[in-house]
Amino acid sequence: MAEPVKTLIMRAIVETVEAIPIIGSVKRNPPTSPKRETAIFPAVYVYDDTESKVNNNRYSKNTFPVQIETYFLADEEDASEQAELVDSEIYKAILVAPAVLALVNKIAPEEGNTVSRQFLDEFTGALISRYVVVYQHKYGDPTDQMK
């Protein structure tokens, strides 16, 4: 059974992020704060948000944001620098990954506030990045890329 193009895109993004050596773990779902005792840091969560669809004759042009949240141990001396390094490696990887580019029309950082940093408590921080993905599929068949 064929899989939807969006599923293939998300899988390609996750696999690209997993291949980055400095990343501890990757999950494809909205995060709950990782448990300090069991999580492998830096822990990265990749998930999509609301999708918009536009009918262009025989194909559907779709746009959706992808949010990538990197959780790190905030009590380490160089925590902020490590989080920025992970974020920059993710940025470099997904914008040029052949597996991702083969499935999308465009992937780019979201305009405006694309990266934010939050400290959840004295031990854990998060760096949140957003990207916008544009892709297409045959109108009425989300498994056919029409490329």
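See above for the structure.
About the cut-offs
- Residues numbered from 1 in each chain as written.
- Predicted model: local features only at pLDDT ≥ 70, side-chain atom pairs only at ≥ 80, totals over all residues.
- Heavy atoms only, no water.
- Phe/Tyr/Trp six-rings, centres within 6.5 Å; stacked < 30°, edge-to-face > 60°.
- Helix = DSSP H or I, 4+ residues; strand = E, 2+ residues; numbered from the N terminus.
- Buried < 20%, exposed > 50% of the residue type's maximum accessible area, 1.4 Å probe, protein only.

## Some details on the packing of aromatic side chains
Move 1: What the rule picks out here adds up to 3 aromatic pairs.
Move 2: Seen from their ring centres, Tyr45 and Tyr71 are 5.6 Å apart, and the 90 degrees between their planes marks the pair as edge-to-face. One end of the pair, Tyr45, is in strand E2 (residues 43–48); the other, Tyr71, is in strand E4 (residues 59–73), and 26 residues separate them in sequence.
Move 3: Classification of Tyr45 as buried rests on a relative accessible area of 7%.
Move 4: For Tyr71, a relative accessible area of 6% gives the class buried.
Move 5: Here the aromatic rings of Phe64 and Tyr135 are separated by 5.8 Å at their centres, their planes lie at 80 degrees, and the arrangement is edge-to-face. In this pair, Phe64 is assigned in strand E4 and Tyr135 in strand E7 (residues 124–138), connecting sequence segments 71 residues apart.

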